[in-house]
Amino acid sequence: MIPEPTCVLCGQATKTTEHLFMLCEWIKQIWADPKLNIDITPLNIAQMDKWVCAFLTSKNTMELKSFFGGAIWQIWKGCNALVFQNRKPNPRAILEDASFITQLFVRWNQQ
Ligand SMILES: [Zn+2]
């Protein structure tokens, strides 16, 4: 029998897309940042694809939507750094990197 994969960040839950990007206690620090201020609970978030679509089609500004996408990208990179380089990601660094790539994205996409 193959064991279910465990979350690389907390080591306490089954690794699902929803857990890794939204529900892990470690990740919730990122979404709770005042710039994003997204309250995530298993009750208000059931599926990542619906959550992402709802955020991206909301009335939020393009900059905030870009920051949201940048945060997801940096979370993924942080998990990969832990798995492949044994480098523990830092929530503050993830937010700073997301902010940086958001600034670049907005600057490059100004009309
Ligand atoms: Zn976890």
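On a predicted model such as this, the values are computed, not experimentally measured, just so you know.

Chemist: Account for the overall build of the chain, naming residues and giving values.
Modeler: If you tally the helices and strands in the chain, you get five helices and zero strands. What you see in the chain, going N to C, is helices and strands ordered as α-α-α-α-α. Dimensions of the chain, computed from C-alpha atoms along their principal axes, come out at roughly 55 × 35 × 25 Å. Counting across all 111 residues of the chain, residues that qualify as buried make up 20%. For the chain, the share of sequence-separated contacts (at least 6 apart) that also reach a separation of at least 24 residues comes to 49%.

Chemist: Got a sec to walk through the nonpolar core? Specific residues and values, please.
Modeler: Taken as a class, soluble globular proteins show a tendency for nonpolar side chains to be buried jointly. Phe-21, Cys-24, Ile-27, Ile-30, Ala-71, Ile-75 and Ile-94 are the most contacted members of the largest nonpolar core, which totals 15 residues. Mapped by element, the contributors of at least two residues to this core are helix 1 (17-23), helix 2 (25-31), helix 4 (62-85) and helix 5 (91-108). Counting residues per element, this core draws most heavily on helix 4, which supplies five residues. The residues contacting Ile-30, other than those within four sequence positions of it, are Ala-71, Ile-75, Pro-91, Ile-94 and Leu-95.

Chemist: Could you give an account of the environment of Ile-75, naming the residues involved and the relevant values?
Modeler: Structurally, Ile-75 can be placed in helix 4. A sequence separation of 60 residues divides Ile-75 from Lys-15, and the C-alpha atoms of the two residues are 14 Å apart. Leave out the neighbours within four places in its chain, and Ile-75 touches Phe-21, Ile-27, Ile-30 and Ile-94.

Chemist: Describe unusual backbone geometry, listing the residues and the values that go with them.
Modeler: Of note, the phi angle at Asn-37 is positive, near 50°, even though the residue is not glycine. Within the secondary structure layout, Asn-37 lies in the loop between helix 2 and helix 3 (48-56). Its identity is not glycine, yet Asn-86 carries a phi of approximately 55°, on the positive side. When you line up the elements, Asn-86 lands in the loop between helix 4 and helix 5.

Chemist: Mind laying out the environment of Lys-65, listing which residues take part and the relevant values?
Modeler: Examined against the element boundaries, Lys-65 turns out to sit in helix 4. Distance in space between the C-alpha atoms of Lys-65 and Val-8 is 26 Å, their sequence separation being 57 residues. If sequence neighbours within four positions are ignored, Lys-65 has contacts with Phe-55, Leu-56 and Asn-60.

The rules behind these values
- Residues numbered from 1 in each chain as written.
- Predicted model: local features only at pLDDT ≥ 70, side-chain atom pairs only at ≥ 80, totals over all residues.
- Helix = DSSP H or I, 4+ residues; strand = E, 2+ residues; numbered from the N terminus.
- Buried ≥ 20, exposed ≤ 12 C-beta atoms within 10 Å, placed from the backbone.
- Contact = placed C-beta atoms within 7 Å.
- Core = buried A, V, L, I, M, F, W, Y, C linked by C-beta atoms within 7 Å.

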